[in-house]
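# Understanding the architecture of this molecule
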Amino acid sequence: MHFDLATRIVTLGVGELAGFSLGPRGSGGGAGGLWRAQLGQHWHNEHRQRSAEEPGARFEVPIAGDYHHRGWTFRLSGRIDQYLPSPAGGVRLRELKTVTRPLPAPEAELQAEYPGYFVQLAAYLVLHALAPAAETARGELVFIEAGSGLVQIVAAPPASTAILHGQLDGLVDFLDARRRARERRRALPVRPAFATFRPGQEHVQRDLRAALGIETAVAERVSVSTPPEEPSPAEGLTDSAASALRTPHSAIAPSTEDRPPSTVHRPPPTGILCFEAPTGFGKTGCLLEFALTALKEGVYYRLVYLTGKSTGQLQVIRQLETMLAPAEVGRSVPDEPSPPSVVSPPPSESSSLSPFASRLPVWQVRSKAEHCVNFVYHCLPDACPFIADAAERWPGSGLARFYLLDSEARDLETLRAAGRAAKICPYEITRSALPFNDVWVGDYNYVFAPANRGLFFEQPGFDPAATLLIVDEAHNLPARVADAYSHTVRAADAWSTYDALRSARAPASFVLAWEAWARELDDLRACEALDGATEIGLRAAARRLAELVPATALDFVALGPTVSELLWQLPQLDDFLDAAELPKLLWSPARGELRVTCLDAANAIATTLREFRHVILTSATLNPPDAFATACGLDRAAATRVSASLSAPASAVSEPEQTVPRTERVERPDAPYPLSKFEAGDPPSAILPSTDDRPPPTVHRRPSTAHRPAVDLATTLGKLPRAAKKTLRGLTTGAALLKVEEEQIPPAVPFLRADTPWRRGAYRVAIDTRVDTRWERRTHHFESTAATVAQLCAASGVGSAPAQSAIRIPQSAINPSTVDRPPPTVDGPPSTVDRPPSTVHHPPVAVFFPSYAYAEAVAETCAASHPALRIAQQPRGLDLAAQTAFIEAALAAHDALFLVLGTGYTEGIDLLGGRITHAMVVGPALPEVNAVQRAKLAHANAKSRGAAFRLVYQVPGMQKVNQALGRLVRAPGHRATVVLHCRRFSESSYRELLDPELRSAPVLDSDELLAAWLSGHEIV
C-alpha cells in the first residue's frame, strides 16, 4: 500500500484492502498458516478444474479501477478467482476461500468470522460495475472445508457496498491520522541535543546533510513530485524553516572560524553513509537531531533506529524525550554539548501547545518473549487465551489508548499490566501501535532477520523508500545478521520430536520422513565440513520435511512449544540452504550435531539497505573502511544505486561542482581528518590520514566492476574513454595487469570520521615487544606479563608525582634483533609493588585479555609472584546490573581489573572513562581458529591469502582492541597510559588497524626501555 498525503491518492491491492486492520491480527502465521495456505491452493486448483468445463469460464481475471470515498481516491487492483457466465444472464464473480471450521454454517456466522472475504468480494463487484459497458454481475463466496473438501456457496449480501464503505472508513481514519502526524511533524519543536558545542561537533549537522545529498533531494521533490506521505517541505513550514531549506549548509551551521572553500567532486548519492565517531562524542544526540530536523522538514516520514542492546535502546529513548520535551521542562544532557537545532520553531509557534500536543510518537520495540505474560511462552491461539479471539475483543479493550493518547506510558511493564488486565497479548499492543508512531527503536532483527522483519515491513503504511534507517554499533551488524541466518540441529532433539509425533498420532508419512531426518543426524561425526554424500542426504531429508510441515495438519498445542519450534525450523533451514547468494558451511562440532553457518551475510545486508531511502551506519569502530564496506556489502548496494542513477537522464544525476567549507588540515600525521573533510568517492587512504604530510589524493569514484553486467569488449573497446584506452595500452605484461587487478577498490559510499580534537594527545601508548601472546607461545611469557602488570600498577600509583625530566633514547641505537630474543635479565630499581599498600587509593589498572582462560592463567601467576596485588577478574554471565556493581566494586578496592575483550565490559559499559588512567592490552583478540574461521578464510572476497587473513582475523581482533581503549577517553580532559603487550602490535598489518590516536607508539623491546617509559621518559 502506497499513499500520497498531499494528493490523497492511495494505491493498494484488493487483498490488502480486505486484510487491513489496526488491532490484533488473526494467527495465520507459523506452520499452521502455511498448512492452510497449501491446502487452500489444493482446493483452489480442484474447483478450477471443475469450473473449466463451463463455456466462457475465465480464471484469475485482472480488474482495476479508482474509487472515491470521503475525499480520498483509492486505486484498487486485484484478480478475480473465477469469472463465470450466469445462466440467468450476466456474470458470476467467484472467490474461493478455504476454512478450517465445519461447514455448512449460518451465513451470518461466516460473515462475522471472515469479514475480509466479504470486503474483497464487495470490492470486486464495485470495480466491475465501474468498468464501461459492464455486464450485470452477482458475487459468490465459495467456502471450502479444509479437511473434507465440503463446499458452501454464499451469495454476496445486498449491503455489499456498505460493507466496502465500512472497511474504507477504517482506512480513511488511519490516513487522516497520518495527515495529522504530518502536520505535527511540521510543528515539531526540536530542542538541541546538548547544551553547548563540544569541540568537533560544529559542523556535524551540515556534513550529514551534505553527505546524504538532502538539499538536492529536497529541491527535486519540490519541483518534480512528492513521494508517498512526504509533503513539500516548503509547504506549511515556518519562514525560518523554509529559508533554511534554501540556504547553503555553511549558512545553516555557521563556522566558528574563517576557512577557505574548496571544490569537491561527488558521485551520485548512494543513500548510505558510514559515520564513525568515538565513544563519548555524542553521536546518538547528533544523529537524532539530524533525523528529527529532517522529519520536521518532510525529508522522511519515519525514523527506524536500531541498536543491538536494550541498554542502547533505552539511551535513545531518553535522548528523544529530552530533545522533544517542551521548552519549559526540557533539560540538556550534561557533559555532551551540541549545537542548537538547525530548524527550530519560534517560541510563539509552540507556546500555545499543551505539554503533549506536539510530542513525536516514539515506540521502543521489545521482543515477543519479553511481552509474554504466560507461564509458558507458546504463541498459538489454541494454547494462549491472550491470543485467542484477540481481534474480536480488541475494540472494547481500551488498549488503543496507547497510540491514540500521547500521555500514556509505554514501558514494557505498563504494557504487560494492561494486556493482563484486558486478557490480550501485550505484544499485540506494540504491533497495533507501530503504524501510528513516527520513530521506531528496536533490535537489528526487526529489519535484517528473516524470521522477525515482518513486524516492521508488514505494518500498514510502512514505506522503506521514505524512511531513514540508523544502525548504531554497526560494527556488530555483519555477525548479527549471519547468526540470524545460521541454524543448529541436534540428533537428540530430532529423536525427542520423533517420539512426540508418534504420541500425537501424526500421519505415518510425516513420521517416516522425520525418522529419516533423525537418522541422518544420528550418523553425523565431528568434522570441519560435511562430505558430498552426507550433505546431499541431509539436504534431501530437510527438503522433504520442508514440504511436509506446511502441508500436514499437526496438533501443535499437544506437541508443545519446544517440538513446534523444531518443526517450524525445517522450512527456514531449507530456505537458507537454497539461498545461493549466502555462502554457508555445513559442519559438525560433535557427534549427532549439525551446524549450518552463514559465512558472509553481506548480500542479505546490502539487499535490505537498498530498500531504504537513506541509511546511516554508525559506530565508534568502523575502521578500516574497506573491510567494513565488504562485510556489509556496501560496495554492492552502492553499485546498484549508481547503476540505476546512470541509466537515468543525465540531468537527473549530474551534480555540479560544490563549494563546501572545510576545516584546516591537521599537521599531526597520525591525526584523523575532521568530519567535514571528506569526499564521497575517496578511498580509505584519502579519508583517514596517511603516514606522511602529503595531502590526500583526489580520487574520482568508479562503480565497482565486480557487479557490472558482462560487456563484449570486442564491440565496446573502441568506445572507451581516451584515458581508459591509454591505461590499457600501457599494460604490456602480465605482472602489470595483475597489479591493476589486485588494486584495492575503495568503498562506494561516503565514510565520515568525526573530528575530536580533545582526543589528540589523550593517549600515551607504547608497544611492548618483549613477549609473544600467540596461543602456542603465550605460556612462556606468563611471568613477564604478570611482572608488567605489577610495573604498570606501580606506575599508576605514582602518576600524580611531579613529572621527571624527559630523556630521549634513540630507537636507532637499539639492536633490532633483540625483538626476537627473550628479554634480558636486568638489575633495575626495586619494584614498589611488594611494599605495603598506600592509604591513598589510586585507580586500578585495566588489563584486557583475549579470553577468560588467558586472564585466569595470568591472575594465578600474579597471585604467586606478586601476592600484594589485588586483582578483580571479570566474572561470566552477569546481567547489566551485576556487571555495573562489579565494576564499581573493582574500581574502589582493587589494584588491577582483568577484563576480556569483546564482552559487555569492554563494549557495553561506559563506567571506565576518566576513571582508568593506566591500561594494558595483552595481545590482539583474534578470533578462535576453528572450522568456521577456516571456511571464512577460504570464501573471503580477497585477492590473496594475506588479504583474506586481514579480513577474517585481524580486522575483528583489532576492532575489539579499539573498542576497549576507546571507552577510556570519553570526554575532554580524560587521559590514558596504554601498554600494547605483544610484538604483533609492532607489525604494520596490526598497527595500521589501530585507532589513529594509538598508532604513533614507540617500541619497547627491553626491560630498561619499559621502565624508562613507565617513569615518564620519552622514547623516540
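Everything below is about the structure shown above.
Let us look at the structure shown here. Quantities reported herein were computed from a predicted structural model and do not represent experimental measurements.

### Brief notes about the overall build of the protein
What the protein contains, in helices and strands, is 40 helices and 26 strands. The proportion of buried residues among the 1020 residues of the protein is 52%. Of the contacts formed within the protein by residues at least 6 apart in sequence, a portion of 78% connects residues at least 24 apart. Counting every atom, the protein has about 44,600 Å² of accessible surface; 54% of that belongs to carbon and sulfur.

### Thoughts on helix α38 (residues 945–966)
Over its 22 residues, α38 runs 30 Å from end to end, which matches the ideal 32 Å to within 8%, given 1.5 Å per residue. Of all bends in α38, the biggest is about 40°, found at Gln 954, and the proline Pro 956 comes one to four residues later.

### Re the packing of aromatic side chains
Using the criterion set out here, one finds 21 aromatic pairs in the structure. Relative to Phe 174, the ring of Phe 20 has its centre 5.8 Å away and its plane inclined at 50°; by these criteria the two rings are tilted. A residue pair is termed long-range when its members are at least 10 positions apart, and Phe 20 in the loop between α1 (14–19) and α2 (30–51) and Phe 174 in helix α5 (residues 160–186) qualify at 154 residues. Taken together through their ring pairs, the aromatic side chains of Trp 440, Tyr 446, Phe 456, Phe 457, Phe 462 and Phe 612 make up a single cluster. Cation over ring: Lys 584 sits above Phe 576, and NZ or CZ is 5.0 Å from the ring centre. Geometry around Tyr 852 places Arg 876 over its ring, the cationic atom sitting 4.1 Å from the centre.

### Focus on the packing of helix α21 (residues 491–503) against helix α22 (residues 508–522)
Each packed pair of helices is defined by two parameters, the angle between the axes and the distance between the axes. Relative to each other, α21 and α22 sit at 160°, their axes nearing to 9 Å. Judged by the inter-axis angle, α21 sits roughly antiparallel to α22. Here α21 and α22 pass one another in a crossing that is left-handed. On the side of α21, the interface is formed by Ala 491, Ala 494, Trp 495, Thr 497, Tyr 498, Leu 501 and Arg 502, while α22 contributes Phe 510, Val 511, Trp 514, Glu 515, Trp 517, Ala 518, Arg 519, Leu 521 and Asp 522. Broken down by class, the residue content of the contact of α21 with α22 amounts to eleven nonpolar, one polar and four charged.

### Regarding the sheet that holds strand β15 (residues 584–587)
By definition, the strands of a sheet pair up through backbone hydrogen bonds, in either a parallel or an antiparallel sense. With antiparallel pairing, the three strands of this open sheet are ordered in space as β14-β16-β15. Each edge of the sheet is formed by a strand with only one pairing partner; in this case those strands are β14 (487–490) and β15. The average undirected angle you get between the axes of adjacent strands in this sheet is 10°.

### A closer look at the sheet that holds strand β26 (residues 1003–1004)
Pairing is parallel in the open sheet, where seven strands are placed in the order β22-β23-β21-β24-β25-β20-β26. Lying at the two open borders of the sheet, with one neighbouring strand each, are β22 (871–873) and β26. Where β22 lies against strand β23 (residues 896–900), three bridges are found, and the strand directions are parallel. Its bridge partner being in β23, Ile 871 is matched across the sheet by Ala 896. In the packing of helix α33 (residues 782–797) onto the sheet, contacts are made with β20 (763–768), β21 (845–849), β23, β24 (918–921) and β25 (976–981), and the angle to β24 comes to roughly 165°. Those strands touched by helix α35 (residues 880–893) are β22 and β23, and its axis lies near 150° from that of β23.

### A closer look at the side chain of Ser 86
Looking at the element boundaries, Ser 86 is found in the loop between β4 (72–85) and β5 (91–99). By relative accessible area, Ser 86 is classed as buried at 13%. In this structure Ser 86 touches Val 91 and Arg 92, once residues within four positions along its chain are discounted.

### A closer look at the pattern of salt bridges
This model, assessed by the stated rule, comprises 42 salt bridges. The residue Asp 438 makes a salt bridge to Arg 178 at a minimum N-O spacing of 2.9 Å. Of the two residues, Asp 438 sits in the loop between α17 (426–433) and β12 (439–442) while Arg 178 sits in helix α5, which places them 260 residues apart along the sequence. Arg 178 sits in the buried class, given a relative accessible area of 1%. Among the salt bridges present, the one from Asp 995 reaches Arg 759, with a minimum N-O distance of 3.7 Å. A residue pair is termed long-range when its members are at least 10 positions apart, and Asp 995 in the loop between α39 (988–991) and β26 and Arg 759 in the loop between β19 (751–753) and β20 qualify at 236 residues. What emerges from the salt-bridge pattern is a single network uniting Arg 70, Asp 169, Asp 173 and Asp 176.

Cut-offs applied
Residues numbered from 1 in each chain as written. Predicted model: local features only at pLDDT ≥ 70, side-chain atom pairs only at ≥ 80, totals over all residues. Heavy atoms only, no water. Helix = DSSP H or I, 4+ residues; strand = E, 2+ residues; numbered from the N terminus. Buried < 20%, exposed > 50% of the residue type's maximum accessible area, 1.4 Å probe, protein only. Contact = heavy atoms within 4.5 Å. Areas by Shrake-Rupley, 256 points an atom, 1.4 Å probe, with all protein chains shown as cover. Expected span 1.5 Å × (residues − 1). Bend = angle between axes of the 7 residues up to and from the residue. Phe/Tyr/Trp six-rings, centres within 6.5 Å; stacked < 30°, edge-to-face > 60°. Lys NZ or Arg CZ within 6 Å of the ring centre and 35° of its normal. Axes fitted to C-alpha atoms, helices over the stretch in contact; angles between N-to-C directions. Parallel < 35°, antiparallel > 145°, perpendicular 65-115°, else oblique. Left-handed = near helix turned anticlockwise from the far one by under 90°. Nonpolar A, V, L, I, M, F, W, Y, C, P; charged D, E, K, R; others polar. Pairing = 2+ DSSP bridges. Salt bridge = Lys/Arg side-chain N within 4 Å of Asp/Glu carboxyl O.

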